[in-house]
Amino acid sequence: MSADNTNRIRSKPPAAPRLDATDRKLLAALAANAERSYAELGELLHLSPPAVHERVKRLKAAGVITAVAARLDGEKVGRPLLAFVHVDTTSWAVTRQLLKLTEFPEVEEIHTITGESAMLLKVRTANTRTLEALLERIHAIEGFTGTRSYVALTTYLERGPSPELAADAIASAAT
């Protein structure tokens, strides 16, 4: 997949496809270790490798699996400082300017949020000086009025959504 496909900005969340218990177990297994072969996954799920492959293909086509990516250690790649930056804007319409933030390689995630700030950024930099330089570049974008930064001291857990918890919530809501 090209970077254009994997690093795109979503304008609206797609409708959630129906996932059965086997899909959720498959997603949990892939989230834990995406390097597993279809044969290994088949053993875990009591399915044949081709059946697992078809499920993975269907989940990719439905947009449930959006990418398979390596998790990089920020410290080992020269960006040990993890920070979350609240960005204030002059109006909600200015948040469209967030497209300019995608040009900054330090920015890992961009979220529009409720509350006092308009956006929340997850960023990684080499040190406080490079964080300050990034903040300076953000302030230079028209319409951004302020930032508040929170530096993570230690990360104990960093993961994506759990497909198993979603199944529990759906089951609870049905009763």
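Preceding this paragraph is the structure being described.
Note that the structure is a prediction, hence the values are computed from the model and not measured.

Trainee: So what's going on with the overall build of the chain? Which residues, and what values?
Mentor: Counting secondary structure elements, the chain contains six helices and four strands. Ordered by position from the N terminus, the helices and strands of the chain form the series α-α-α-α-β-β-β-α-β-α. Out of the 175 residues belonging to the chain, those deemed buried represent 27%. Relative to all contacts within the chain whose residues are 6 or more apart in sequence, the contacts with residues 24 or more apart total 66%. In the structure as shown, the chain presents an accessible area of about 12,300 Å², 53% of it carried by carbon and sulfur atoms.

Trainee: Run through the sheet that holds strand β3 (residues 119-125), naming residues and quoting values.
Mentor: With antiparallel pairing, four strands are arranged side by side in an open sheet as β2-β3-β1-β4. Looking at which strands have only one partner, the edges of the open sheet turn out to be β2 (107-112) and β4 (144-151). Neighbour-to-neighbour, the strand axes of this sheet turn through a mean angle of 20°, independent of strand direction. With five bridges connecting them, β2 and β3 associate as antiparallel partners.

Trainee: If you had to explain the layout of surface pockets to someone new, which residues and values would you point to?
Mentor: To find leftover empty space, one rolls a probe the size of a water molecule over the atoms. The volume enclosed by the second largest pocket comes to roughly 150 Å³. Looking at the second largest pocket, it is lined by eleven residues, and the ones nearest its centre are Ala31, Arg159, Gly160, Pro161 and Ser162. At the level of elements, α2 (21-32) and α6 (163-174) are the ones that each hand at least two residues to the lining of the second largest pocket. Residue classes in the lining of the second largest pocket are distributed as six nonpolar, two polar and three charged.

Trainee: Let's hear about the pattern of salt bridges: which residues, and what values?
Mentor: Taken as a whole and judged by the stated rule, the model has eleven salt bridges. Taking the shortest distance from any N to any O, the salt bridge between Arg148 and Asp88 comes out at 2.9 Å. Here Arg148, found in strand β4, pairs with Asp88, found in strand β1 (residues 81-89); they are 60 residues apart in sequence, far enough to count as distant. Judged by its relative accessible area of 29%, Arg148 is partly exposed. Here Arg137 and Glu106 are joined by a salt bridge, their closest N and O atoms 3.3 Å apart. One end of the pair, Arg137, is in helix α5 (residues 128-139); the other, Glu106, is in the loop between β1 and β2, and 31 residues separate them in sequence. Its relative accessible area of 32% is what places Arg137 among the partly exposed residues.

Trainee: Got a sec to walk through the pairing of β3? Specific residues and values, please.
Mentor: Remember that side chains alternate between the two faces of the sheet whenever the strand is regular. By the criterion of burial, β3 is predominantly enclosed, with six of the seven residues buried. Linking two consecutive strands that pair antiparallel, namely β2 and β3, is a turn of six residues; a positive phi of about 105° is found at Gly115 within it.

Trainee: I'd love a proper account of the environment of Arg124, names of residues and values included.
Mentor: As for its placement among the helices and strands, Arg124 is situated in strand β3. As for Arg124 and Leu82, which are separated by 42 residues in sequence, their C-alpha atoms are 4.6 Å apart. What Arg124 contacts, discounting residues up to four positions off in sequence, is Gly74, Arg79, Leu81, Leu82, Glu106, Glu108 and Glu158. There is a polar contact of 2.6 Å between the side chain of Arg124 and the side chain of Glu108.

Cut-off values and rules
Residues numbered from 1 in each chain as written. Predicted model: local features only at pLDDT ≥ 70, side-chain atom pairs only at ≥ 80, totals over all residues. Heavy atoms only, no water. Helix = DSSP H or I, 4+ residues; strand = E, 2+ residues; numbered from the N terminus. Buried < 20%, exposed > 50% of the residue type's maximum accessible area, 1.4 Å probe, protein only. Contact = heavy atoms within 4.5 Å. Areas by Shrake-Rupley, 256 points an atom, 1.4 Å probe, with all protein chains shown as cover. Pairing = 2+ DSSP bridges. Axes fitted to C-alpha atoms, helices over the stretch in contact; angles between N-to-C directions. 1 Å grid on protein atoms, 1.4 Å probe; cavity = no way out; pocket = protein on both sides within 12 Å on 5 of 7 lines; lining within 4 Å. Points joined across faces, edges and corners; volume = space filled by probe spheres on them. Nonpolar A, V, L, I, M, F, W, Y, C, P; charged D, E, K, R; others polar. Salt bridge = Lys/Arg side-chain N within 4 Å of Asp/Glu carboxyl O. Polar contact = N/O pair within 3.5 Å; in protein donor to acceptor, adjacent residues only side chain to side chain.

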